[in-house]
Amino acid sequence: MEAVGPRDVVRDVLPEGLGDAIRATAREIAMVLDGVDDTSVPVPGSRWAVGESAAHLAYANELMADLAVGRERGHGDGTPQSLAGANERALAAFPERAAGPLAAMIVAQADRFLAAAESGAESGAGADGLRGGDHPADDAVLADDEVRTPLGPMSRAVLGSYLLTHMLGHGYDLARALGRPHMVDRTRAGLCVPFLLTVMPLVANRAAAGTLTAGYAVRLWGGDSFGVVFSDGVAATDRRPPDRPDCTLLIEPVTFLLMALGRIPTWGALARGRVLAWGRKPWLGARFPTLFTAP
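In short, a report on the structure. This one's a predicted model, so the numbers in the text were calculated from it and none came from an experiment.

1. Examining the packing of aromatic side chains
Any two aromatic rings considered together are summarised by their centre-to-centre distance and by the angle between their planes.
Inference 1: Taken as a whole and assessed by the stated rule, the structure comprises six aromatic pairs.
Inference 2: Relative to F195, the ring of Y162 has its centre 4.2 Å away and its plane inclined at 5°; by these criteria the two rings are stacked. Note that Y162 is positioned in helix α6 (residues 156-178) and F195 in helix α8 (residues 193-199), a separation of 33 residues in sequence.
Inference 3: Judged by its relative accessible area of 2%, F195 is buried.
Inference 4: Taking the centre distance of 5.8 Å and the plane angle of 55° together, the rings of F230 and F292 count as tilted. Taken together, the residues span a long stretch of sequence, with F230 in strand β4 (residues 225-231) and F292 in the segment after α12 (284-287) at a distance of 62 residues.
Inference 5: Judged by its relative accessible area of 16%, F292 falls in the buried class.
Inference 6: Each residue in the set Y216, F230, F288 and F292 is aromatic and connected to the rest through ring pairs, giving one cluster.

Structure (structure tokens):
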């Protein structure tokens, strides 16, 4: 019988390519931080400097590795506001700001997550049904393949997508701050979709949505298609686009991820042709990114 190596086992638990993407992204973030002596450089569009952003990544990777082994960690109540407060408290209690040690921690905790995935629970095939817009409840019953996270119960596969999404967002920030190439590409952006579909109902901006009732079909260039439906301002997502969408969006995958994470403005992407909208109500396309608060 052919021997099965660690990476093969990770692929059995995580979707194909996700383990490799997590491993590579952590190491590329470490390369961005390599040789950086001054971590007080500000991160564009953030209150944090490089040191705080890297420390947040190190802490968050540790938290997600703990979650992967089934160790529950409190970190807000799932709302963007509570997560922001929890992040600030965690940073205040985590004083390391030197680039070298933080880079090593980011890599080590990503590897620890993958080791936990390798030896963790069986993978689950995520649900195809609509996910409603309530915030995660502390007393939610966990399925066999799920762990409890700050954003509610997730399978380890979705948690891995969460880890990758989080590293790509802050890795992009660090690369911009330090004038180095970022690590976001189409393949990695596609691997973030399972997490984004899980979290979109939780971070829908009810004030911006108002009483909106509309169905969006979202198609990524050369990749995934999915649906986002608003019913009286409440968002739900589905792996299948609606049969009769009010608006269809065709989005370049890197652009989609960076817009979803609040890293680039919508109008610039529209002007460059990276987002196309059509359908019965094409004007809803420009409104779509404003309907969510980046987690």
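2. Regarding the pairing of strand β1 (residues 146-149)
Inference 1: Side chains of β1 alternate between two faces, with V147 and T149 buried and E146 and R148 left unburied.
Inference 2: The pairing of β1 with strand β2 (residues 152-155) spans four bridges and is antiparallel. Residue R148 lies in a different strand from β2, and its bridge partner there is P153.
Inference 3: Between β1 and β2, which pair antiparallel one after the other, the connecting turn spans two residues.

3. Topic: the packing of helix α3 (residues 50-68) against helix α5 (residues 99-119)
Inference 1: α5 packs onto α3 with a crossing angle of 20° between their chain directions and a minimal axis gap of 8 Å. The orientation of α3 relative to α5 falls into the category roughly parallel. Considering the relative orientation of α3 and α5, their crossing is left-handed. Side by side, α3 and α5 meet where G51, A54, A55, L57, A58, N61, E62, M64, A65, D66 and A68 of the first sit next to L102, M105, I106, Q109, A110, R112, F113 and A116 of the second.
Inference 2: For the contact of α3 with α5, the per-class residue count stands at 13 nonpolar, three polar and three charged.

Parameters and conventions
Residues numbered from 1 in each chain as written. Predicted model: local features only at pLDDT ≥ 70, side-chain atom pairs only at ≥ 80, totals over all residues. Heavy atoms only, no water. Phe/Tyr/Trp six-rings, centres within 6.5 Å; stacked < 30°, edge-to-face > 60°. Helix = DSSP H or I, 4+ residues; strand = E, 2+ residues; numbered from the N terminus. Buried < 20%, exposed > 50% of the residue type's maximum accessible area, 1.4 Å probe, protein only. Pairing = 2+ DSSP bridges. Axes fitted to C-alpha atoms, helices over the stretch in contact; angles between N-to-C directions. Parallel < 35°, antiparallel > 145°, perpendicular 65-115°, else oblique. Left-handed = near helix turned anticlockwise from the far one by under 90°. Contact = heavy atoms within 4.5 Å. Nonpolar A, V, L, I, M, F, W, Y, C, P; charged D, E, K, R; others polar.

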